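Results of the structural survey
Given next are the chains, with one letter for each unit.
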Amino acid sequence: MKIDVVELLIRKSHTIEIPGIDRKIYGVESAGLIFCQSIGGCNIEHVALLSLDSTNSVINYCIVSIGEINSVRVSLAQLFKVALLSNASKIIVAHNHPSGILSVTERDIEMTKKIAFIANCFEIELIDSLIVSSDKAISIREYCGENKNE
């Protein structure tokens, strides 16, 4: 019998430069700048992920889902595949609102809770879930009264 042997890999596609950001990320202030610059100005919704190590240093960044004008389906499998293959200890997720209106919906809250639950199963900490525009970011966890940075 022959059995195929496979390997799972992450491949770097390119580098982005975010001026004024330290390598360590602790919350909405610094993570928000990264997501605002990378997906905030997009005219369709995107979901992106920052993978961090145990010292809050950025390992990598990935766009995990691309949607439509006013919605995006979050691929939890893709999100956690990237986090696990990156050996992330912590993650921050974000999605953009092309309208620029940063309002938190019940769907945003439920998805954040689902991501936090799955992350916990893998012993990964969800630091935050953000909604961004081209120049502003809000924390869904802060909106819900969960301040993970205390």
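What this report covers is the structure whose coordinates are included nearby. (Residues numbered from 1 in each chain as written. Predicted model: local features only at pLDDT ≥ 70, side-chain atom pairs only at ≥ 80, totals over all residues. Heavy atoms only, no water.)

Comments concerning the nonpolar core
Formed by 20 residues in total, the largest nonpolar core has its most connected members in Leu 49, Val 64, Leu 79, Phe 80, Ile 91, Val 93 and Ile 115. If you list the elements that add at least two residues to this core, you get β1 (46–52), β2 (58–66), α2 (76–85), β3 (90–96) and α3 (106–121). In terms of residue count, α2 provides more of this core than any other element does, five residues in total. Those residues within four positions of Leu 49 in sequence are excluded, and the remaining contacts are Phe 35, Asn 60, Tyr 61, Cys 62, Val 64, Leu 79, Val 82, Ala 83, Ile 91, Ile 92 and Val 93. By size, the runner-up hydrophobic cluster in this structure holds 17 residues, among which are Val 28, Cys 36, Val 58 and Ile 92. (Core = buried A, V, L, I, M, F, W, Y, C linked by side-chain atoms within 4.5 Å. Buried < 20%, exposed > 50% of the residue type's maximum accessible area, 1.4 Å probe, protein only. Helix = DSSP H or I, 4+ residues; strand = E, 2+ residues; numbered from the N terminus. Contact = heavy atoms within 4.5 Å.)

Comments concerning the sheet that holds strand β5 (residues 137–139)
Taken in spatial order, the five strands make up an open sheet running β2-β1-β3-β4-β5, and their pairing is mixed. With partners counted over all chains shown, the strands left at the sheet margins are β2 and β5, one partner each. Averaged over all pairs of adjacent strands, the angle between strand axes in this sheet comes to 25°, irrespective of strand direction. Here seven bridges tie β3 to strand β4 (residues 125–132), and the two strands are oriented parallel to one another. Bridging from a neighbouring strand, Ala 94 pairs with Leu 130 of β4. The strands touched by helix α1 (residues 28–40) within the sheet are β1, β2, β3, β4 and β5, with β4 carrying the most contacts at an inclination of about 50°. (Pairing = 2+ DSSP bridges. Axes fitted to C-alpha atoms, helices over the stretch in contact; angles between N-to-C directions.)

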